[in-house]
Amino acid sequence: VSSVIRDQMIDVCCLQEVELEKDYPNEILSFRDYSIEVEKNNHKARVAIYVKKCITSHRRCDLEGKNSNLVVLDLDLNSKFRLINVYRLFNPPENRTQRDHFSYQLTLIKNALLEDAARQPIIVGDFNLNDALKYQIDYSNHYLFAMLNHEFENHNLVQIVKFPIWSRIVNNILKSSILDHIYIKDVTLITNVQSFKPMVGDHLLVTFNVNEQHQKPELFLK
């Protein structure tokens, strides 16, 4: 991860599926010029964000809830942003159903959007929902997309990832999906959305630039 961040000159890097056990010494994951923000979780942390130390940022643990698999970070660049990094679990803890846990996450996201409407929201993460099938009634996760669409459309959020992120050969057939999403209100603030294959993993790395004169935050590492 450190090598990719440095090679690609990434300023802000969102990760999902980090698989950090409770009480893991997260401080050892920091490296020169970068700090790490790991979700607060009593079971296992699944999301984290690396931030270059020269960027003014403020962790908003008060908006994250308990065991929510999301991290909220305020970024003060030339404009003020609220970055929300999300991972939707297949198997939620505490005997929650997928519907219940996703509803919990969406409620936290809604509250974070309402808490400071002046900040531009950027919501990124592995939603484990194939965006290419979001309006297909026979899609197995159609009901989860209905929940997401209801909430995000109320806030005029737009999904800007339009190309396959995940791929795998299953029974000699190449399967692909758009599982990783980026949502934003003002699409003019995001430029240069690209992807490339990292050293490990079956998800592509998605990067984009925030349209700022002096900053080039690139986000979203699997």
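Keep in mind that what you see is a predicted model, and the values were worked out from it rather than measured.

The rules we used
- Residues numbered from 1 in each chain as written.
- Predicted model: local features only at pLDDT ≥ 70, side-chain atom pairs only at ≥ 80, totals over all residues.
- Heavy atoms only, no water.
- Helix = DSSP H or I, 4+ residues; strand = E, 2+ residues; numbered from the N terminus.
- Rg over C-alpha atoms; globule rule 2.2 N^0.38 Å.
- Buried < 20%, exposed > 50% of the residue type's maximum accessible area, 1.4 Å probe, protein only.
- Contact = heavy atoms within 4.5 Å.
- Areas by Shrake-Rupley, 256 points an atom, 1.4 Å probe, with all protein chains shown as cover.
- Phe/Tyr/Trp six-rings, centres within 6.5 Å; stacked < 30°, edge-to-face > 60°.
- Lys NZ or Arg CZ within 6 Å of the ring centre and 35° of its normal.
- Pairing = 2+ DSSP bridges.
- Axes fitted to C-alpha atoms, helices over the stretch in contact; angles between N-to-C directions.
- Parallel < 35°, antiparallel > 145°, perpendicular 65-115°, else oblique.
- Left-handed = near helix turned anticlockwise from the far one by under 90°.
- Expected span 1.5 Å × (residues − 1).
- Arc of directions from axis to C-beta.

Draft legend 1. Spatial organisation of the overall build of the protein. The helix and strand tally for the protein stands at three helices and 13 strands. Radius of gyration (C-alpha) of the protein: 17 Å, near the 17 Å computed for a compact globule of 222 residues. Judged by the C-alpha coordinates and their principal axes, the protein covers about 45 × 40 × 40 Å. When the 222 residues of the protein are sorted by exposure, 50% land in the buried category. Put simply, 59% of the contacts in the protein that link residues at least 6 apart link residues at least 24 apart. Of the roughly 10,900 Å² of accessible surface on the protein, a fraction of 48% belongs to carbon and sulfur atoms.

Draft legend 2. Geometry of the packing of aromatic side chains. Summed over the entire model, instances satisfying the criterion amount to five aromatic pairs. Ring centres 5.1 Å apart and planes at 50 degrees place the aromatic pair phenylalanine 31 and tyrosine 50 in the tilted group. You can see phenylalanine 31 sitting in the loop between strand E1 (12-21) and strand E2 (34-38) and its partner tyrosine 50 sitting in strand E3 (residues 44-52), a full 19 residues away along the chain. Note on phenylalanine 31: relative accessible area 15%, which makes it buried. On the accessibility criterion, tyrosine 50 (8% relative accessible area) is buried. Measuring from centroid to centroid gives 4.7 Å for phenylalanine 152 and tyrosine 183, while their planes differ by 80 degrees, and the two rings are edge-to-face. Taken as a pair, phenylalanine 152 in helix H3 (residues 142-154) and tyrosine 183 in strand E11 (residues 180-184) lie far apart in primary sequence, 31 residues in all. Within the aromatic cluster, the residues linked to one another by ring pairs are Phe31, Tyr34 and Tyr50. Its guanidinium or amino end placed over the ring of tyrosine 104, arginine 96 lies 4.3 Å from that ring's centre, counting from NZ or CZ.

Draft legend 3. Summary view of the sheet that holds strand E7 (residues 120-126). Across the sheet, six strands lie side by side as E4-E5-E6-E7-E11-E8; this open sheet has mixed pairing. Both outer strands of the open sheet, strand E4 (56-59) and strand E8 (158-159), are each paired with one neighbouring strand and no more. Here E8 runs beside E11; their pairing, made up of two bridges, is antiparallel. Paired with glutamine 159 across the bridge in E11 is tyrosine 183.

Draft legend 4. Main features of the side chain of histidine 101. Mapped onto the secondary structure, histidine 101 falls in helix H2 (residues 98-115). The exposure class assigned to histidine 101 is buried, which follows from its relative accessible area of 1%. Filtering out sequence-adjacent residues up to four positions away, histidine 101 remains in contact with Asn67, Ser68, Asn69, Leu89, Pro92 and Arg96.

Draft legend 5. Representation of the packing of H2 against H3. With their axes 11 Å apart at the nearest point, H2 and H3 run at an angle of 10 degrees to one another. Overall, the two elements H2 and H3 adopt an arrangement that is roughly parallel. In this structure, the crossing between H2 and H3 has a hand that is right-handed. Contact residues: Gln98, Arg99, Phe102, Ser103, Leu106, Ile109 and Lys110 in H2; Tyr143, Leu144, Met147, Leu148, Glu151 and Phe152 in H3.

Draft legend 6. Spatial organisation of H2. The terminal C-alpha atoms of H2, which comprises 18 residues, lie 26 Å apart, in line with the 26 Å expected from a rise of 1.5 Å per residue. Restricting attention to buried positions, one finds in H2 the residues His101, Phe102, Gln105, Leu106, Leu108, Ile109, Ala112 and Leu113. The arc that holds the buried residues of H2, viewed along the axis, is 160 degrees, so those residues lie on one side. In this structure, the buried side of H2 is in contact with strand E5 (70-76), strand E6 (80-87), E7 and H3.

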